Amino acid sequence: MTGTPTYLDLGGEDVYAVVHLPDGQSSSTGVLQLSPYGWDDLTSYRSRRAWALRLEAAGHPVLRFDWPGTGDSPGDPGDTDRLAAWRRATVAAARLLRDDLGCSRVAAVGIGIGGLIASLEGAELDDLVLWGTSARGAASVRELRATAALHGIDGQPVVDDDGVLWVNGHPLPPGLAAELSTVELASIATPTGGRALLLGRDGRPPDARLEAALRSGDRAVETADGVGWSDLLADPQFSRSPTTTADLVASWLAAGATGQRAQRDVIVPGRTHVDLGSGIHESVLTLAVPGGPLSAIRTDPVNEPAGLFVVLLNGGALRRIGPNRMYVDAARRWAAAGIGTVRVDLPGTGDSAGPDHWLPGDEVFYTAEMEAAMTATLDALAAQQPGSPLVAAGLCSGAYWSFVAAAQHERVTGAVLLNPRVLVWSPRQRADESSRELSKLRSAETWRNVLRGGSSFGKAARVAAAAARRAGGRLTDRLRRRPAAGELGVAADRLSSAGAEVLLVLTPGEPLRARLGTDPGLAALLVTPGVGRLLPDGPTDAHTMAPPDLRRGVERAVDEWLLARRPR
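All residue numbers here refer to positions counted from 1 along the written sequence of the relevant chain. Two thresholds apply to this predicted model, a pLDDT of at least 70 for residue-level local features and 80 or more for giving and counting side-chain atom pairs, whereas whole-chain, interface and lining totals are computed over all residues. Excluding hydrogens and water, the side-chain values take into account all heavy atoms of the structure.

J.: Just checking my understanding: could you explain the overall build of the protein chain for this structure?
T.: Each helix and strand in the protein chain was counted, giving 19 helices and 20 strands. Note on contacts: a residue pair qualifies if any of its non-hydrogen atoms lie within 4.5 Å across the two residues. At a minimum sequence separation of 6, the contacts of the protein chain that also span at least 24 residues come to 73%. Here the Shrake-Rupley method, with its probe set to 1.4 Å, supplies the accessible areas, and only the displayed protein chains count as covering residues. Summing over all exposed atoms, the protein chain offers an accessible surface of approximately 21,800 Å²; the carbon and sulfur share of this is 51%. In this text, helices come from DSSP runs of H or I with a minimum length of four residues, and strands from runs of E with a minimum of two, each type numbered from the N-terminal end.

J.: What exactly am I supposed to notice about the packing of helix α4 (residues 137-150) against helix α5 (residues 174-181) here?
T.: Any two packed helices are characterised by the angle at which their axes cross and by the distance between the axes. Axes, fitted as lines to C-alpha atoms, cover a helix only where it is in contact. Angles between the N-to-C directions of the axes lie from 0 to 180 degrees. One way to put it is that α4 packs onto α5 with a least axis distance of 6 Å and a crossing angle of 140°. Taken as axis vectors, α4 and α5 run oblique relative to one another. Contact residues: α4 offers Gly 137, Ala 138 and Val 141, while α5 offers Ala 177, Leu 180 and Ser 181. Put simply, angles under 35 degrees are roughly parallel, angles over 145 are roughly antiparallel, angles from 65 to 115 are roughly perpendicular, and the rest are oblique.

J.: Which parts of the structure should I look at to understand the pairing of strand β1 (residues 4-10)?
T.: Note on strand geometry: in a regular strand, side chains alternate between the two faces of the sheet. Relative accessible area decides the class of each residue, using a 1.4 Å probe on protein chains only: under 20% of the type maximum gives buried, over 50% gives exposed, and in between gives partly exposed. Counting buried positions along β1 yields five of seven residues, so the element is predominantly enclosed. With seven bridges connecting them, β1 and strand β2 (residues 13-20) associate as antiparallel partners. Its bridge partner being in β2, Tyr 7 is matched across the sheet by Tyr 16. Two strands pair if DSSP finds at least two bridges between them. Counted along the chain from β1 to the antiparallel partner β2, the turn is two residues long, and its residue Gly 11 has a positive phi close to 70°.

J.: How should I be thinking about the pairing of strand β5 (residues 105-111) in this particular structure?
T.: Among the seven residues that make up β5, seven are buried, leaving the element largely enclosed by the rest of the structure. Side chains Arg 105, Ala 107, Val 109 and Ile 111 project from β5 onto one buried face, and the interleaved Val 106, Ala 108 and Gly 110 project onto a second face that is buried too. Pairing of β5 with strand β6 (residues 127-131) involves five bridges; the strand directions are parallel. Along β6, the bridge assignment pairs Ile 111 with Trp 131.

J.: What am I meant to see in the packing of aromatic side chains here?
T.: Each aromatic ring pair is characterised by the separation of its centres together with the angle its planes make. Pairing of aromatic rings covers Phe, Tyr and Trp, the last through its six-membered ring, and needs centres within 6.5 Å; plane angles under 30 degrees mean stacked, over 60 mean edge-to-face, and all others mean tilted. Under the definition given, this model contains 10 aromatic pairs. Plain terms: the ring middles of Tyr 400 and Trp 401 are 4.8 Å apart, the flat faces sit at 75° to each other, and that makes the pair edge-to-face. For the pair Tyr 400 and Trp 401, one class covers both residues: buried. Through a chain of ring-to-ring contacts, the aromatic side chains of Tyr 37, Phe 65, Trp 67 and Trp 86 assemble into a single cluster. Consider the ring centre and the ring normal. A charge sits over the ring if Lys NZ or Arg CZ is within 6 Å of that centre and within 35 degrees of that normal. The residue whose ring lies beneath Arg 195 is Trp 252, and the NZ or CZ to ring-centre distance is 3.8 Å. Over the ring of Tyr 45 we find Arg 319, and its NZ or CZ is 3.7 Å from the ring centre.

No statement about biological role is implied by the geometric values presented.
Following this line, the structure appears as structure tokens:
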């Protein structure tokens, strides 16, 4: 892990942030990385981290943070005056780079709505790099609505009874949508010598209104194509850091630099913990494991010791906030009920050490390295909380590792399995993945998404190649492995012997749900004492539980299950 995770007070609200300080001589230009919102923030997080590391390697101090009410920061998107809070945070972050980190010049790299916030009056930013940014907040809201329709049910965006628009599981409350829609940049004030670089999106030119607003504010404006936009915002497993564009931005920043940052001893500002109110606090953790440190957030009830701890494990390439920020909401909700949690970024996810991007194919999430990281996380928490029972929980591959933890680790007394694809992993699984991925490539909707810019031809080609490789190994895999049913039986025996309890959550459309009545291994597991299963009704293809009603039903059931197992 490179960069220091911390909590900062930015404009009167606490936020989760990561500060990157280069070793030795560094540029006088500090960089403020400002994120897009919601689904785009989740998908691009790891790739934007890789971009921040490139900027750090080029000698720039870098500050990146989660907007107030999003990501790992305190609060909720539905809190009042979010746009004003985001503006204050941007101003305060720029001031921190100048005053605390010694930067004489501050540049912002803003993506989507992040670029819109950077452009608002009062930010005091010398250089602006704006990618995928519109001069009108209403255009940004329309784009979020289009994304909601693309990921909605039967092509319809999901709007709940409170008027919240759910963008692939991420809420856009009506108040925030209204605030954003009022923003229209007629002109953009600039410090003397201010510059701007506007980036198009894979051949689409930048917003002409934005360019006109910047020029009317007397900025020196340049435009360029932003290569890699669609890959940056692809699904998390397929997201790629835009190295071509990152190199272009680095050269542009270097051309405007005014020298080296004054050498000084700098203590990274901020705190390792934050008070969330209502008797809850969170703290940043760094866990030492083989292969590199892991980044984690611990949530504790303050007024009473937690009698039960839940370890939340990543689902695939999703960062530790979980799908649709479910893990954050759950951790804070459980802390209010006296249950502690640790949500951890396993290798290659979020802010932890590991690869900056993933290869196609789910086998990358079922490796010995992942098992070692999961075990080290459990051991570290067990050492911190001697005597407290642990529950492992997660989505998809996180559910698989939670199942392994319950079957193999004495301290783990239970597991919550949210939509696991498998409960026993073998190379044979790759053939099943190939069939699913190739069927996606045959789907007309997949190619419509490519043409809309929501996915790239490169991604489709990578998926096809990986699927073909796995399909070719099907016969070998069958010869190598014994039947999974036997292994599930062994796991069921271990659970029964250990007295561990399991909640299995399978929503409609899940492959494992379709096998419940025919798979002998699953049958053996489901008759094991302590194994319960929840099969909520709802729309199909809801692997990450994006539909809000489905999500709420799952949350209620998991909450009840955990509370019933909390020591009295």
